[in-house]
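# Topology and contacts: notes
Next come the chains, spelled out residue by residue.
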Amino acid sequence: MSTEPYPNEPAAALSEAEQVPLWLDDPGRPAPRPSFNGELSADLVVVGGGFTGLWTALRAKERDPDRDVLLLEGDRLAEHASGRNGGFCSASLTHGEANGRERWPEEYETLHRLGRRNLDEIAETVERYGIECDFTRGGALIVATHAHEIAGLKPDSPGFLDREAVRRLVDSPTYLAGRLEDDTALVNPARLAWELARVAEGLGVRIAERTPVVRMDDRGDAVELHTPQARVRARQVVLATNAFTSLLGMRKYSVVPVYDYVLATQPLTPAQLQSIGWEQPFGISDCGNQFHYYRRTPDNRILWGGYDAIYHYGRSIKPEHEHRPSTYHLLARHFYETFPQLSGIGFTHRWAGVIDTSTRFCAFYGLARKGRVAYTAGFTGLGVGASRFAADVMLDLLSGESTDLTRLRMVRQKGIPFPPEPLTWTGIQLTRWSMAREDRTGRRNLWLRTLDRLGLGFDS
Ligand SMILES: Cc1cc2nc3c(=O)[nH]c(=O)nc-3n(C[C@H](O)[C@H](O)[C@H](O)COP(=O)(O)OP(=O)(O)OC[C@H]3O[C@@H](n4cnc5c(N)ncnc54)[C@H](O)[C@@H]3O)c2cc1C
């Protein structure tokens, strides 16, 4: 092992990092449930066993205990975004206030209230069922690391932290200002998902893993789902398949899969923790277009992710994309720039996950197949909390009734799709280049201003 401090040698700092998501590297990970074989039927079939599918199955049973609910997961529960994320469970349903106010100014206050209620109800669910997932309502600290970002933190309003105040909370030489917000909880996401499955099964949901749905056919008053070994007849279906190929062909262009990369350090010693002064249980993110998000874990590691969101040509999703040394090195270098006090600490885990980026940066919802199939996707990197709200929206849509949720303009309005290749790839590269430039200079170029006018963009 090198005797140099790691900032000069990110490769050495990463040399012992395993390519595995920290949260899934857990001896408590439940064994996969068996797949289904033969012919089955159910009132409601949920496709996808991440947060969206699990919340849908659970909420369906809470709302109507007599409903027969089946969940089909093609891989393993929480194997993808839901088991790989930062665990920031935000109240925001709109990927932040600015995006929500810009798109739905007339109903933003309602969306804000519904988002806070959703977060409260997640906390109540955790409490009610004794869900063990280290759920902590510690808030989020947003930090400015460039002078031009300070204005966005609203220096004249309560809650603003100047340089000294923010560095008293967490000591990084890169911080220029901050704002502490109380609308976020931190959670161990994989455990939350596994526990949601346990609770759902307790309420009677049947769950199969390694059971991919490969086709969906209309059959009169039902929908027939095909898996390699089973045929499932469903009165209603919820598609909770995130960035993966939609079973509804036309939805193909609604999202693009974007890879987000993450590192986790060794557990910090008490002296290392003291050197950065990070005592309170909030998560942190910086406020550039290309932003980092980071948090402490219960065993005092720092999970450090974001910044270099990568789209692969042709909407490609492949395990190979998770190996990206240049991005891991970049993340490691940024970590040591942020916390030079931790120059001797190494990383134990590195991983990547797929984000379902939509042009509106937050989920869209809808019905297909004569109202029998509900779908959602497009959470764009902020779906840990919003997935539960999406579950209720889809169940309301399937009920056929007009409800407070189905009447929302955010729910009724469809997102603008991405174009076919090579336009998507070219557009995203140009947008990323422009955003990186804005992060450095504080200036929004003509391309970004044009996208703003069209209500389009790229985010993670
Ligand atoms: C690295 C990373 C960090 C993130 N950090 C945060 C964060 O801190 N806070 C936050 O709010 N959000 C974050 N997100 C986003 C968040 O994780 C997602 O929005 C959320 O987990 C989406 O849940 P989901 O159930 O919709 O998707 P997923 O968890 O991807 O689940 C979809 C499931 O559907 C299954 N599936 C797909 N097709 C089929 C099929 N045909 N048949 C059967 N099964 C199928 C897949 O196998 C998968 O398990 C992050 C995402 C990533 C990747």
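Source: prediction; values computed, not measured. (Residues numbered from 1 in each chain as written. Predicted model: local features only at pLDDT ≥ 70, side-chain atom pairs only at ≥ 80, totals over all residues. Heavy atoms only, no water.)

The subject of this paragraph is the side chain of Arg103. Counting through the fold element by element, Arg103 comes out in helix H4 (residues 97-103). Within the buried set, Arg103 has no salt-bridge partner at all; the shortest N-O distance to an opposite charge, 7.6 Å, is to Asp452. For Arg103, the contacting residues outside a window of four places in its chain are Thr359, Arg360, Phe361, Arg409 and Gly455. (Helix = DSSP H or I, 4+ residues; strand = E, 2+ residues; numbered from the N terminus. Buried < 20%, exposed > 50% of the residue type's maximum accessible area, 1.4 Å probe, protein only. Lys, Arg positive; Asp, Glu negative; His and termini not counted. Salt bridge = Lys/Arg side-chain N within 4 Å of Asp/Glu carboxyl O. Contact = heavy atoms within 4.5 Å.)

This part is about empty space enclosed by the protein. Per the counting criterion, the structure on display carries two cavities of 30 Å³ or more. Considered as a void within the structure, the largest cavity measures approximately 80 Å³ in volume. What lines the largest cavity is simply Asn289, Gln290, Phe291, Tyr307, Ala309, Arg432, Met435, Phe458, Asp459 and Ser460. Residue classes in the lining of the largest cavity are distributed as five nonpolar, three polar and two charged. The computed volume of the second largest cavity comes to approximately 40 Å³. Lining the second largest cavity are Arg29, Pro30, Ala31, Pro32, Arg33, Arg76, Leu77, Trp194 and Glu209. Grouping the constituent residues of the lining of the second largest cavity by class yields five nonpolar, no polar and four charged. (1 Å grid on protein atoms, 1.4 Å probe; cavity = no way out; pocket = protein on both sides within 12 Å on 5 of 7 lines; lining within 4 Å. Points joined across faces, edges and corners; volume = space filled by probe spheres on them. Nonpolar A, V, L, I, M, F, W, Y, C, P; charged D, E, K, R; others polar.)

What follows concerns the pattern of salt bridges. Under the definition given, this model contains 34 salt bridges. The residue Glu121 makes a salt bridge to Arg117 at a minimum N-O spacing of 3.7 Å. Here Glu121 pairs with Arg117, and both are found in helix H5 (residues 108-128), just four residues apart, close to one helical turn. Residues joined in a network through salt bridges with shared partners are Arg59, Glu62, Arg63, Arg117, Glu121, Arg128, Arg388, Asp392 and Asp396.

The next thing to look at is the domain arrangement of the chain. Each assigned domain of the chain is listed here: domain 1 (38-124 + 189-254 + 360-412) and domain 2 (423-454). Its C-alpha centre places domain 1 at a distance of 31 Å from the equivalent point of domain 2. (Domains from an automatic or database assignment.)

On to the site of the ligand, then. Close to the ligand lie 36 residues, the nearest being Thr52, Glu73, Ser82, Phe88 and Val384. Measuring from an oxygen atom of the ligand, one finds a side-chain N or O atom of Ser82 at 2.6 Å. Contact between the ligand and Val384: an oxygen atom at 2.9 Å from a main-chain N or O atom of the residue. Contact with the protein chains covers 95% of the free accessible surface of the ligand, which is 1,000 Å². (Near = heavy atom within 4 Å. Polar contact = N/O pair within 3.5 Å; in protein donor to acceptor, adjacent residues only side chain to side chain. Areas by Shrake-Rupley, 256 points an atom, 1.4 Å probe, with all protein chains shown as cover.)

At the junction of Glu421 and Pro422, the peptide bond is cis and its omega measures out at 5° in the coordinates. Inspection of the secondary structure puts Pro422 in the loop between helix H11 (409-412) and helix H12 (423-441). Phi angles above zero are rare outside glycine, and Tyr307 is one such case at about 70°. Within the secondary structure layout, Tyr307 lies in the loop between strand S16 (302-306) and strand S17 (310-311). On the accessibility criterion, Tyr307 (24% relative accessible area) is partly exposed.

We now examine the packing of aromatic side chains. Pairs of aromatic rings are described using the distance from one ring centre to the other and the angle between the two planes. A full pass over the atoms with the stated rule returns 17 aromatic pairs. Consider the rings of Phe335 and Phe347, whose centres lie 5.3 Å apart with planes at 75°: the pair is edge-to-face. Here Phe335 is found in helix H9 (residues 325-338), whereas its partner Phe347 is found in strand S18 (residues 347-357), with twelve residues between them in sequence. Taking the relative accessible area as the measure of exposure, Phe335 reaches 0% and is therefore buried. Sitting over the ring of Phe361, Arg103 keeps its end group 5.4 Å from the ring centre. (Phe/Tyr/Trp six-rings, centres within 6.5 Å; stacked < 30°, edge-to-face > 60°. Lys NZ or Arg CZ within 6 Å of the ring centre and 35° of its normal.)

Our next topic: the packing of helix H2 (residues 51-63) against helix H10 (residues 386-399). Two numbers describe how H2 lies on H10: the axes approach to 8 Å, and their chain directions differ by 55°. Relative to H10, the element H2 lies oblique. Crossing of H2 over H10 shows right-handed handedness. From H2, Phe51, Thr52, Trp55, Thr56, Arg59, Ala60 and Arg63 reach across to H10, where they touch Ser387, Arg388, Ala391, Asp392, Met394, Leu395 and Asp396. Residue composition of the contact of H2 with H10, by class: six nonpolar, three polar and five charged. (Axes fitted to C-alpha atoms, helices over the stretch in contact; angles between N-to-C directions. Parallel < 35°, antiparallel > 145°, perpendicular 65-115°, else oblique. Left-handed = near helix turned anticlockwise from the far one by under 90°.)

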